[in-house]
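Tertiary structure, described
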Amino acid sequence: MDKKNEISCGCGQCGIELNDTSPKYSLMCACEDCRQALSWAEKNGGEKPKNILYSVYLRSDISNYFGLENMVATHLRDEATSTRVYCKKCYSCIAIDHVNYHNNVLMIQPDHCKQNFNVHIPPKAVINLQDHPDDFIELDSDTIPVFHSRKYPQERKRFLSIDPIAEFLAPPKTQAKGITLRDLISKIGTIKVLHLNKGEAL
Ligand SMILES: [Zn+2]
Ligand SMILES: [Zn+2]
């Protein structure tokens, strides 16, 4: 029983196992929603978020899961596009879905959950820098593509031109062998709406 395919919460009360553990791509995300979601979790006992979050995308193909009764699925507000799954005991965030993932990939932020396999690959871009609280921002690389926002068609086109992002922000070409994160979220049942105002500091 030494499979290296598990993502779990910090206290070990819930987690998922993946059929495909190879990271598809990663990004550094500075968006206010990620920060707000994790600050909400921090108030409940989770880790404090950094201003820019390492975010990695994996196939949404879950071979096994445990502690469903300890999972809570949340939306930041009524019109949310992301669904975040946390542990109700330690407030690790174990998986994130977004409407744009098309049930193909799921996202994790490895500083906010545990993994027993390698999820660290060089990020393809730094995104949503418009939301970063500082005026001047040091990045690990001065050649990595940066995106202030994705408000404009030029930015969206430039973002989707980074290989292999477009491939994974489209419906999957092959069906998941197990269940998808969306299937898991429907097993959790209700989605808790946090009713947080956009950009509001917690
Ligand atoms: Zn936990
Ligand atoms: Zn974000």
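Residues numbered from 1 in each chain as written. Chains lettered and ligands numbered in written order. Predicted model: local features only at pLDDT ≥ 70, side-chain atom pairs only at ≥ 80, totals over all residues. Heavy atoms only, no water.

Quick look at the overall build of the chain
Each helix and strand counted, the chain has four helices and twelve strands in total. Since a compact globule built from 202 residues should have a radius of gyration of about 17 Å, the 16 Å found for the chain is in line with a globular shape. Projected onto its principal axes, the C-alpha coordinates of the chain cover approximately 45 × 40 × 30 Å. When each of the 202 residues of the chain is scored for burial, the buried share is 50%. On the chain, roughly 10,500 Å² of surface is accessible, and the fraction owed to carbon and sulfur atoms is 48%. Averaged over its 25 positive side-chain charges, the chain has a centre that lies 4 Å from the centre of its 25 negative ones. (Helix = DSSP H or I, 4+ residues; strand = E, 2+ residues; numbered from the N terminus. Rg over C-alpha atoms; globule rule 2.2 N^0.38 Å. Buried < 20%, exposed > 50% of the residue type's maximum accessible area, 1.4 Å probe, protein only. Areas by Shrake-Rupley, 256 points an atom, 1.4 Å probe, with all protein chains shown as cover. Lys, Arg positive; Asp, Glu negative; His and termini not counted. Charge placed at Lys NZ, Arg CZ, Asp CG, Glu CD.)

Some remarks on the coordination of the zinc ion (ligand 1)
Around the zinc ion (ligand 1), the protein contributes the donor atoms Cys 9 (SG), Cys 11 (SG), Cys 87 (SG) and Cys 90 (SG), at 2.3 to 2.4 Å from the metal centre. If you look at the zinc ion (ligand 1), its four donor atoms make angles of 106 to 113° with each other, and the shape they trace is tetrahedral. Expressed as a motif, the donor residue spacing for the zinc ion (ligand 1) is C-x1-C-x75-C-x2-C. In this pair, Cys 9 sits in the loop between strand S1 (6-8) and strand S2 (15-18) while Cys 90 sits in the loop between strand S7 (82-87) and strand S8 (93-98), placing the two residues 81 residues apart along the sequence. Taking the relative accessible area as the measure of exposure, Cys 9 reaches 0% and is therefore buried. The exposure class assigned to Cys 90 is buried, which follows from its relative accessible area of 14%. (Donors = N, O, S within 2.8 Å, 3.2 Å for Na, K, Ca; no water. Tetrahedral: all angles 85-135°; square planar, octahedral: opposite > 155°, others 65-115°.)

Thoughts on the nonpolar core
Ranked by internal contacts, the top residues of the largest apolar core, which has 31 residues, are Ile 7, Ile 16, Leu 18, Val 85, Ile 94, Ile 108 and Leu 181. Of all the elements in the fold, those that place two or more residues in this core are S2, strand S4 (53-59), strand S6 (71-75), S7, S8, strand S9 (105-108) and helix H4 (181-188). When residues in this core are grouped by element, the largest group, four residues, is from H4. Apart from residues no more than four positions distant in its own chain, Ile 94 is found in contact with Ile 7, Ser 8, Cys 9, Cys 14, Gly 15, Ile 16, Met 71, Val 85, Ile 108 and Cys 113. Grouped together as the second largest cluster of nonpolar side chains are 30 residues, Leu 27, Phe 147, Ile 162 and Leu 194 included. (Core = buried A, V, L, I, M, F, W, Y, C linked by side-chain atoms within 4.5 Å. Contact = heavy atoms within 4.5 Å.)

Re the sheet that holds strand S10 (residues 114-115)
Within a beta sheet, neighbouring strands are joined by backbone hydrogen bonds and run either parallel or antiparallel to one another. Strand order in the open sheet made by the four strands is S5-S2-S1-S10, with antiparallel pairing throughout. Edge positions in the sheet fall to strand S5 (62-66) and S10, since each has one partner strand and no second. (Pairing = 2+ DSSP bridges.)

Describing the packing of aromatic side chains
Going through the model one piece at a time under the given rule, you end up with six aromatic pairs. Relative to Tyr 57, the ring of Tyr 25 has its centre 4.3 Å away and its plane inclined at 10°; by these criteria the two rings are stacked. A residue pair is termed long-range when its members are at least 10 positions apart, and Tyr 25 in strand S3 (residues 25-29) and Tyr 57 in strand S4 qualify at 32 residues. An angle of 80° between the planes, with centres 5.4 Å apart, marks the rings of Trp 40 and Tyr 91 as edge-to-face. Taken together, the positions of Trp 40 in helix H1 (residues 32-43) and Tyr 91 in the loop between S7 and S8 put the pair 51 residues apart, joining distant regions of the chain. Taking relative accessible area as the criterion, Tyr 91 reaches 16% and is therefore assigned buried. Every member of this aromatic cluster is reached through a ring pair, and the members are Tyr 25, Tyr 57 and Tyr 101. Positioned above the aromatic ring of Phe 159, the side-chain terminus of Arg 150 is 4.5 Å from the ring centre. The ring of Phe 147 is capped by Arg 158, whose NZ or CZ atom sits 4.0 Å from the centre of that ring. (Phe/Tyr/Trp six-rings, centres within 6.5 Å; stacked < 30°, edge-to-face > 60°. Lys NZ or Arg CZ within 6 Å of the ring centre and 35° of its normal.)

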